[in-house]
Amino acid sequence: MDAYQTYEYDVIVIGAGGAGLRAAIEANRQGVRVALVCKSLLGKAHTVMAEGGMAAAMGNVWKEDNWQVHFRDTMRGGKLLNNWRMAELHAKESPARVLELEEWGALFDRTKDGLISQRDFGGHRYARLAHVGDRTGLELIRTLQQRAVALGIDVYMECNLQRLIKDGDRVCGAVGYWRATGELVAFKCKAVILSTGGVGKAWKFTSNSWECTGDGIALALDAGAEAIDMECIQFHPTGMVSPPSVRGILVTEGVRGDGGTLKNSEGARFMFNYIPEFFKGETADNEQEADAWYADKKNRRTPDLLPRDEVARAINSEVKAGRGSPHGGVFLDIASRRPADYIRKRLPSMYHQFKELAGVDITKEAMEVGPTCHYLNGGIRVEADSTATRVAGLFAAGEVAGGLHGANRLGGNSLSDLVVFGRRAGLYAAEYVKGLKGPGPLDGGQVETAVRTLLSPFASKGTENPYAIHADLQECMQSLVGIIRTEGELRKALEEIAVLRQRLARVKVEGGRAFNPAWHLALDLHSMLTVSEAVTLGALERKESRGGHTRDDYPFADDRYGTVNMVIRRKGEALAVAQEPIPPRRDDLKTLLQEKK
Amino acid sequence: MAPANVTMRVWRGDAKGGAFKDFQVPAAEGMVVLDVIHTLQATQAPDLACRWNCKAGKCGSCSAEINGKPRLMCMTRMDIFQRGETVTVSPIKTFPLVRDLVTDVSYNYEKAKEIPAFTPGPKEPDGTRRMWQEDVERSQEFRKCIECFLCQDVCHVIRDHPENKTQFAGPRFLMRIAELEMHPLDVNDRLELARARAGLGFCNITKCCTEVCPEHIHITDNALIPLKERVVTEDYDPLVWLARKLSRSK
């Protein structure tokens, strides 16, 4: 068998975005030996692309804000499918996590009183997002990266871990490869934290980066853990649509938070026509009140800032009705509503992005925008307090974990999710390993099987090209498992995914093992196909429309599905889906949800 | 737009050797250099090595030299070149080659470790941290840095003299020192580090770093020159040095 290096730690963290960095920092603080392993260079993870801000009820701008209101907004935004305990912990702990970043050197924008400023975002009753212009994710990842460096945490960059190794029922290691050399590597450990982020690269139009191939979901399912509500994929309403080569790149919700409005080809602010019953009480039904809301929260919120699932569906409907923009989106106009200086100051990277990639000056003309695959609302099933999966020694935090966001995540709740549950993962993984003796032995047979699988694309006698398989998968998920779904199309998608899996078994990689992107892609396709199948199975089983899951054949939310998670497990070669009740809510939290306005 | 071809000349090879290779790729509306590289991978050169993550100018992974100029491949539109012009893409020169367009940038991660961490002073009596927008903006400009390392690549102190790498941190990390020095809360003193170990004196403010910065940070004017001024003031005036020390440790 091919030789491989072996490293030994108490805890390994796979993925170095916000959640992984925060987990490693916490494990280090708890005094256990921790390694942070990431498939890109440090500081390049998808977190870097987060723009608008980080939601935390600090009450710096609106004193009326508190964790109870944040909890309520998160649950309602998630169409009540959320894990209530996660939503409670998140709302309570976010402010402390923001302030902690400041202690580590983060420089957020300020209020007039010198405190951390907070901005408006969709679904949040009060201006709640701590931010740095429109590059908050960069500030978060850089601050955590610099903190991890200061603590001397061991970081293994461009190291892609592809298989988990188990000792009986518990996780005891992982096997992967170095991208630069193609050499193999094994980690021996007592616990693994998965913080690998999202899955957007399975779709054609996505805001997600190269890394978002769902590796953690596949690792977890393959190791015997469960995923929930995978069908609830968030399509962000505003991605760029033109020119074709940049289609999908994110346009921050901050544009609407700072006063921008959506218009159709007739110049109408169409969102007033799409206010669902569920949000009527808190949403302005006329332009005057909507515009007044920015300055005075006694008014009801503008429908431009309804939760993302509502806005994405509305844009989809406008385009279908023939009222779209020239390139198949709608218009997002801030130019006519705010002064040029204000726009450049509040939204510098949007200004830059449109100027350089589309030749559009957003201080002078409207942007063209449309929905783009953005976020995995579901994910690995975890215990709310500890982030533990059902597999001993396996934890998950950040986008890869499910539950907090229910059927639809509110903007700004992702960055706070990363640090709240990243910290908890590090804390509880450390606690778990302290109760164990040494790391279990790495079973030679499992390692050998993993190594053989990783190297198989070189030895293959097939002729399939990994880039072609990826392109076909993206086409399939975009057209058959997109924003609006039907039973027939979902069944067709399952058939296509099965064919793609057969093609992947015949994939052939040319060239050597040193930094070979065709090989990297061939291996990541296993994760993308697993995720795609899980999403499609969940989407077939959930015969209703809720949050990030819309069925044309079941267009309304159905109470029978409002209290169940779609749970995905691996059964041999295949995946299986089952409906299981969500945890019952505590009475005091129920009261918070019922409270009107 | 009629589908025309573009001619790309791309470096292929590793530390042992290599050569430029020419490719013809169909042009598409609005495409950037990274799109062309992706097309090449999918159709003609599956093992062509390049780093990329976000394809939106936010992560700083896809740095290369395009027609000799350090740039991000994802933010370089093909329509800035003349029709029919051959577009040459080579790896950034200052760092050791791994393969094709990928280089070993570990120098930068090592330099980052040498800078003492952010160290805040005491909180306000009411337990808060208060800073004013105009004060945070100075360091915020430097925190826009996406660590593409193009400024490091272009800096002649290490580009033409690799032997200087041991004694010179490069514009990116001198700017990081300036950022911490100007941070309203930080009480650490890194001026001696900037002068001695990070090699600030090597910089003769030719502004090459500022010119290539994709984030348009004024590296030279706002970070390096003020840092030089602070170092000089302390070096020549022990009273200033002492006064600063005292005011910081308050």
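Along each chain, the written sequence defines residue order, and numbers are assigned to residues from 1. Chain letters start at A and ligand numbers start at 1, both assigned in the order the entries are written. Totals for whole chains, interfaces and linings use all residues, but because this is a predicted model, local features are given only for residues with pLDDT of at least 70 and pairs of side-chain atoms are given and counted only at 80 or more.

### Points about the overall build of chain B
When helices and strands are tallied, chain B shows 10 helices and 7 strands. In terms of its C-alpha atoms, chain B occupies a principal-axis envelope of roughly 65 × 40 × 30 Å. Taken across its 250 residues, chain B has 46% of its residues classed as buried. A fraction of 62% describes how many contacts in chain B between residues 6 or more apart in sequence connect residues 24 or more apart. In this text, helices come from DSSP runs of H or I with a minimum length of four residues, and strands from runs of E with a minimum of two, each type numbered from the N-terminal end. With C-beta atoms placed from the backbone, the exposure class of a residue follows from how many other C-beta atoms lie within 10 Å of its own: 20 or more, buried; 12 or fewer, exposed; in between, partly exposed. By the criterion used throughout, residues are in contact when their C-beta atoms, derived from the backbone, lie within 7 Å.

### Details of the overall build of chain A
Secondary structure assignment for chain A yields 16 helices and 22 strands. Using C-alpha atoms as the atom set, the radius of gyration is obtained and then compared with a globule rule of 2.2 Å times the number of residues to the power 0.38. The C-alpha atoms of chain A give 23 Å as radius of gyration, which agrees with the globular expectation for 597 residues (25 Å, within 12%). The dimensions of chain A, computed from C-alpha atoms along their principal axes, are 70 × 50 × 50 Å. When burial is assessed residue by residue, chain A has 62% of its 597 residues classed as buried. Taking all contacts inside chain A whose residues are at least 6 apart in sequence as the whole, residues at least 24 apart take part in 75%.

### Topic: the domain arrangement of chain B
All names here are of chain B. Where each domain begins and ends follows an automated or database-derived domain assignment. When the domains of chain B are assigned, the result is domain 1 (5-103) and domain 2 (106-249). Placing the centre of domain 1 and that of domain 2 at their C-alpha centroids yields a distance of 31 Å. Of the residues lining the interface, 12 residues belong to domain 1; the matching set on domain 2 comes to 13 residues. In the side of domain 1 that touches domain 2, the residues fall into 6 nonpolar, 4 polar and 2 charged. Only Asp, Glu, Lys and Arg are considered charged in this grouping, and only Ala, Val, Leu, Ile, Met, Phe, Trp, Tyr, Cys and Pro are considered nonpolar; every other residue, Gly among them, is considered polar.

### Some remarks on the sheet that holds strand S1 (residues 4-8) of chain A
Residue and element names in this part refer to chain A. The mixed open sheet is built from 4 strands, whose spatial order is S1-S10-S9-S8. Edge positions in the sheet fall to S1 and strand S8 (159-167), since each of these pairs with one other strand and no more. Neighbouring strand axes in the sheet, compared pairwise and without regard to direction, differ in orientation by 25° on average. Only strands joined by at least two bridges in the DSSP assignment are considered to pair. Sheet topology places strand S9 (residues 170-178) next to strand S10 (residues 184-188); 5 bridges connect them, and they run antiparallel. Residue pairing for S10: Ala174 is matched across the bridge by Phe187. For every element, the axis is a line fit to its C-alpha atoms; helices are fit only across the contacting stretch, and the angle between N-to-C directions ranges from 0 to 180 degrees. Across the sheet, helix H12 (residues 444-459) lies against S1, S8, S9 and S10, angled at about 150° from S8, the strand it touches most.

### Here's the deal with the nonpolar core
For our purposes the nonpolar core covers buried Ala, Val, Leu, Ile, Met, Phe, Trp, Tyr and Cys residues that link as a set through C-beta atoms within 7 Å. Among the nonpolar cores identified, the biggest contains 257 residues, and A:Val11, A:Ile193 and B:Leu174 are the most heavily contacted of them. Excluding residues within four positions of it along the chain, B:Leu174 makes contact with B:Ala169, B:Ala194, B:Ala198, B:Leu200, B:Cys203, B:Ala223, B:Leu224 and B:Leu227.

### A short note on the environment of B:Lys228
Looking at where B:Lys228 falls in the secondary structure, it is placed in helix H9 (residues 219-236). Note on B:Lys228: 19 C-beta atoms within 10 Å, which makes it partly exposed.

### Some thoughts on the pairing of S9(A)
Burial analysis of S9(A) places 7 of its 9 residues in the buried class, which makes it a mostly covered element. What sits between the antiparallel neighbours S9(A) and S10(A) is a turn of 5 residues, in which A:Gly182 has the positive phi angle 80°.

### Looking at the domain arrangement of chain A
Residue and element names in this part refer to chain A. According to the domain assignment, chain A consists of domain 1 (236-373) and domain 2 (444-581). Between domain 1 and domain 2, the C-alpha centre-to-centre distance is 32 Å. Domain 1 puts 5 residues into the contact, and the matching count from domain 2 is 5 residues. In terms of residue class, the side of domain 1 that touches domain 2 is built from 2 nonpolar, 1 polar and 2 charged.

### Quick word on the interface of chain A and chain B
With 44 residues of chain A at the contact, the number on the chain B side is 44 residues. Mapped by element, the contributors of at least two residues to the side of chain A that touches chain B are helix H3 (84-103), helix H4 (136-150), helix H10 (348-358) and helix H15 (517-541) of chain A. With 6 residues, the single largest contributor to the side of chain A that touches chain B is H4(A). Residue composition of the side of chain A that touches chain B, by class: 22 nonpolar, 11 polar and 11 charged.

### Description of the confidence of the model for chain B
For every residue, the predictor assigns a confidence score, pLDDT, that lies between 0 and 100. On average, residues of chain B carry a pLDDT of 93, and 94% of them reach 70 or more. Model confidence for the complex is summarised by a pTM of 0.96, with the ipTM given as 0.95.

### What to know about the environment of B:Pro162
Among the secondary structure elements, B:Pro162 is positioned in the loop between helix H5 (156-159) and helix H6 (170-181). Distance from B:Pro162 to B:Met78, taken between C-alpha atoms, is 32 Å for residues 84 residues apart in sequence.

### Focus on the sheet that holds strand S21 (residues 564-571) of chain A
All names here are of chain A. The antiparallel open sheet is built from 4 strands, whose spatial order is S17-S12-S21-S22. Edge strands, defined here as strands with exactly one partner in the open sheet, are strand S17 (379-380) and strand S22 (574-581). Pairing geometry for strand S12 (residues 227-228) and S21, over 2 bridges, is antiparallel. Residue Ile228 lies in a different strand from S21, and its bridge partner there is Val567. Most of the contacts of H15 go to S22, to which it runs at about 45°, and overall it touches S12, S21 and S22.

### Digging into the environment of A:Asn516
With respect to the helices and strands, A:Asn516 occurs in the loop between helix H14 (487-505) and H15. For the pair formed by A:Asn516 and A:Phe395, sequence separation is 121 residues and the distance between their alpha carbons is 30 Å. Setting aside anything within four residues of it in sequence, one finds A:Asn516 in contact with A:Gly182, A:Val509, A:Gly511, B:Asp47 and B:Ala49.

### With respect to the packing of H14(A) against H15(A)
All names here are of chain A. The contact between H14 and H15 brings their axes to 10 Å, and the two run at 160°. Classified by the interaxial angle, the pair formed by H14 and H15 is roughly antiparallel. By crossing handedness, the relation of H14 to H15 is classed as left-handed. When H14 is examined against H15, the residues Glu487, Leu490, Ala493, Leu494, Ile497, Leu500, Arg501 and Leu504 are found in contact with a partner set consisting of Leu525, His526, Leu529, Ser532, Glu533, Thr536, Ala539 and Leu540. When grouped by side-chain class, the residues that make up the contact of H14 with H15 number 10 nonpolar, 3 polar and 3 charged. Note on angle classes: values under 35 degrees are labelled roughly parallel, values over 145 roughly antiparallel, values of 65 to 115 roughly perpendicular, and the remainder oblique. Definitions for this section: a left-handed crossing has its near helix turned counterclockwise from the far helix by less than a right angle. A right-handed crossing has that turn clockwise.

### Digging into the packing of helix H13 (residues 466-480) of chain A against H15(A)
Residue and element names in this part refer to chain A. The N-to-C vectors of H13 and H15 enclose an angle of 25°; their axes lie 9 Å apart at closest approach. Looking at the two axes, H13 sits roughly parallel to H15. Crossing of H13 against H15: the hand is left-handed. Listed contacts from H15 to Pro466, Tyr467, Ile469, His470, Leu473 and Met477 of H13 are Ala518, Leu521, Ala522, Leu525, Met528, Leu529 and Ser532. Of the residues in the contact of H13 with H15, the class split is 11 nonpolar, 2 polar and no charged.

### Details of the pairing of strand S11 (residues 191-194) of chain A
All names here are of chain A. Burial along S11 is two-sided: Ala191 and Ile193 and Val192 and Leu194, pointing in opposite directions, are all buried. Both strand S2 (residues 11-14) and S11 contribute to a ladder of 4 bridges, which runs parallel. The residue of S11 that forms the bridge with Val11 is Ala191. With 3 bridges joining them, S11 and strand S18 (residues 394-396) adopt parallel strand pairing. Residue pairing for S18: Leu194 is matched across the bridge by Ala396.

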